[in-house]
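# Structural characterization, general
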Amino acid sequence: MSLFLQIVEFAGVAVFAVAGALAAGRKSLDLLGVIVIAMVTATGGGTLRDLLLDRTVFWIARPEYLVVTLAAALLTIPYVRFSRPPEKFLLIADALGLALFSIVGARIAMALDAGGLIAVVMGTITGAFGGVVRDVLCAEIPMILRKGQIYATASILGCALLVVLDALGVPANIANVAGATTVAVLRLAAIAFDLSLPVFSLPAARERDDP
Amino acid sequence: MSLFLQIVEFAGVAVFAVAGALAAGRKSLDLLGVIVIAMVTATGGGTLRDLLLDRTVFWIARPEYLVVTLAAALLTIPYVRFSRPPEKFLLIADALGLALFSIVGARIAMALDAGGLIAVVMGTITGAFGGVVRDVLCAEIPMILRKGQIYATASILGCALLVVLDALGVPANIANVAGATTVAVLRLAAIAFDLSLPVFSLPAARERDDP
Amino acid sequence: MSLFLQIVEFAGVAVFAVAGALAAGRKSLDLLGVIVIAMVTATGGGTLRDLLLDRTVFWIARPEYLVVTLAAALLTIPYVRFSRPPEKFLLIADALGLALFSIVGARIAMALDAGGLIAVVMGTITGAFGGVVRDVLCAEIPMILRKGQIYATASILGCALLVVLDALGVPANIANVAGATTVAVLRLAAIAFDLSLPVFSLPAARERDDP
């Protein structure tokens, strides 16, 4: 990975750790619980990606990632004690983190010649899975499934664009920027205009109780 | 794996994807959520098996599995919109999927000389873990644990029979059919006759709140 | 690992299996569900550690661990049917299991030259993650996050002491005993004196519902 991508990846890890710490605040967890949730949110997606692709887990290869998440979580705690967090800033930061992680994840799969579909899946897992684990640990239906928001959808579409541009021979940097921009713009537009996918409900299935 | 087993495995993946999509319908998820739940239900068991056995994850080695789950989920959505799903058919299909996945999982472990106990565990994980992840994502206690139904139990007994027959020198195809039939018949009998294991409740422990 | 450590590790697996079976009793699971929860509680932490460190999963390398958890779970069931379990004994046993698993996990990471921070994370995962999975399967917020108890914190501090002593050249056995004692004493003191970390609550974040 280029130095630029690495720097932005560290920023993405930190942003997700902050988002995780704020989410944990909703649940009356103790200090350690907040830190654990923050670290899981920031590292969960990349960890699953690396396990699935049989790579060395990124934060084991570079423990600096853990230090960054720890620092971000610890800095978030006193901050939110004394001032109301600017939610819009966080939504924007989270969208940027999603955009970056999606592209990094897709690129890692592409570097292993894993094919376009796997690249999209890995990009989406890298971007969105940390939040899924966070919600599961908080005993909630993962918000990306439940809310009908354009979240994983943004990641999927941005990664798909990246794969297509790459197949067309577009230079890597341009494809990266186009893909990441797509993710971020879709996600931010969804927030700004309250867009959502249709909710799928199945009345006839409600009585089913088979496994 | 033989071509026949591969074909049946694709059918099992599709069946589980349909079951996952129907289960997701109970939870008012959005379209993407339904697809994610369907794919996780269909691939979760095999994914955990491959991670534990340090094999290449099957849908990374063969992304066609993802295409099949995606197609099955997408086809399920309009179908259930317009007609009441035949639940008995689905229970039967799910039981067949469980039977097949169990045998495939156990066979993969046996091919790695992992021993009989590990083979049974891997068969059961392959057959039942996808549904566990589905329920965890839906913030429910996994139905195979909760309901007292003969589900994982059917998988365990069928895999154990497979291991015993294999140790006795019975030809692979016969052992496979005997094991799979055992899983399917036990599961279908449990549905037909409403069989269940005894529920285990521990009054004295209800007050415990230690971790 | 030394023979002594292996023996104690088997004891730890058994103790955690008993604790898991008792926890499952709170949830009206069926017999198989109790066994599954017991096995997951006893093996979950070591399994995640081995996946992250790309080692052969310990209970696949040595299926005897599964036999021990199975036996412990099966022996627990009739016992708790007929007598009220001595909860203090279980808390003590659980604390000893936590202490041992933490040190074993940290030592395994150190043997791979994974660095001090990773050793602490792996020790904590080995000791505490099984209980996290147990609670997630029971659709609860993991108790170690929720209750404000000194649980993972004890593991973190004991592992950190082990890493420091090791870096100072203290002989392995002494460092092991010092680390494990620290974990156990902190955990037991937390139980005896009802110590807890401050609960972190974030009023301003309660209205947030972004992912």
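### Re the packing of helix α8 (residues 152-167) of chain A against helix α9 (residues 172-193) of chain A
The description of two helices packed together rests on the angle between their axes and the distance between the axes. All names here are of chain A. Viewed as axis vectors pointing N to C, α8 and α9 meet at an angle of 160°, and their least axial separation amounts to 8 Å. Between α8 and α9, the interaxial angle falls into the category roughly antiparallel. For the pair α8 and α9, the crossing hand works out as right-handed. Residues A154, S155, L157, G158, L161, L162 and L165 of α8 pack against A175, N176, A178, G179, T182, V183, L186 and R187 of α9. A per-class count over the contact of α8 with α9 returns nine nonpolar, five polar and one charged.

### Topic: empty space enclosed by the protein
Residue and element names in this part refer to chain C. A full pass over the atoms with the stated rule returns seven cavities of 30 Å³ or more. In this model, the largest cavity occupies a volume close to 100 Å³. The element best represented in the lining of the largest cavity is helix α6 (residues 116-137), accounting for eight residues. A volume near 70 Å³ is recorded for the second largest cavity.

### Quick notes on the environment of R49(C)
Residue and element names in this part refer to chain C. By the secondary structure assignment, R49 is in helix α2 (residues 31-52). Residues R49 and G127 lie 78 residues apart in sequence; the distance between their C-alpha atoms is 9.9 Å. In contact with R49, other than residues within four places in its own chain, are R55, F58, V104, G105, I108, M122, I125 and T126. Side-chain polar atoms of R49 contact the side chain of D50, separated by 2.9 Å.

### Overview of the layout of surface pockets
By volume, the second largest pocket is sized at about 480 Å³. Lining the second largest pocket are 31 residues, and of these L51(A), D54(A), D54(B), L51(C) and D54(C) lie nearest its centre. At the level of secondary structure, the elements contributing two or more residues to the lining of the second largest pocket comprise α2 (31-53) of chain A, α2 (31-52) of chain B together with α2 of chain C. If one sorts the elements of the lining of the second largest pocket by residue count, α2(A) sits on top with four residues. Looking at the lining of the second largest pocket residue by residue, the classes come out as 19 nonpolar, three polar and nine charged.

### Points about the nonpolar core
Among the nonpolar cores identified, the biggest contains 192 residues, and L52(A), W59(A), L52(B), W59(B), L52(C) and W59(C) are the most heavily contacted of them. Considering every element that reaches this core, the biggest residue donor is α2(A), with 11 residues. Aside from chain neighbours lying at most four places away, what touches W59(B) is L52(A), I118(A), V121(A), M122(A), T43(B), T47(B), Y65(B) and L66(B).

### Some words on the pattern of salt bridges
All chains considered together, the criterion is met by 15 salt bridges over all chains. The partner of D135(C) in a salt bridge is R134(C), and the shortest N-O contact between them spans 3.4 Å. For D135(C), a relative accessible area of 4% gives the class buried. Each of the salt bridges in this network shares a partner with another, and the network as a whole consists of R49(A), D50(A) and R55(A).

### Here's the deal with the side chain of R134(A)
Position of R134(A) relative to the elements: it lies in helix α6 (residues 116-137). Engagement of the side chain of R134(A) in a polar contact is seen with the side chain of D135(A), the distance being 3.4 Å.

### Some details on the packing of aromatic side chains
All names here are of chain A. Summed over all chains, the structure comprises nine aromatic pairs over all chains. Plain terms: the ring middles of F10 and Y65 are 4.3 Å apart, the flat faces sit at 10° to each other, and that makes the pair stacked. Remark: Y65 occurs in helix α4 (residues 64-82) and F10 occurs in helix α1 (residues 3-25); sequence separation between them is 55 residues. Taken individually, F10 and Y65 each receive the classification buried, so the pair is uniform in this respect.

Conventions adopted
Residues numbered from 1 in each chain as written. Chains lettered and ligands numbered in written order. Predicted model: local features only at pLDDT ≥ 70, side-chain atom pairs only at ≥ 80, totals over all residues. Heavy atoms only, no water. Axes fitted to C-alpha atoms, helices over the stretch in contact; angles between N-to-C directions. Helix = DSSP H or I, 4+ residues; strand = E, 2+ residues; numbered from the N terminus. Parallel < 35°, antiparallel > 145°, perpendicular 65-115°, else oblique. Left-handed = near helix turned anticlockwise from the far one by under 90°. Contact = heavy atoms within 4.5 Å. Nonpolar A, V, L, I, M, F, W, Y, C, P; charged D, E, K, R; others polar. 1 Å grid on protein atoms, 1.4 Å probe; cavity = no way out; pocket = protein on both sides within 12 Å on 5 of 7 lines; lining within 4 Å. Points joined across faces, edges and corners; volume = space filled by probe spheres on them. Polar contact = N/O pair within 3.5 Å; in protein donor to acceptor, adjacent residues only side chain to side chain. Core = buried A, V, L, I, M, F, W, Y, C linked by side-chain atoms within 4.5 Å. Buried < 20%, exposed > 50% of the residue type's maximum accessible area, 1.4 Å probe, protein only. Salt bridge = Lys/Arg side-chain N within 4 Å of Asp/Glu carboxyl O. Phe/Tyr/Trp six-rings, centres within 6.5 Å; stacked < 30°, edge-to-face > 60°.

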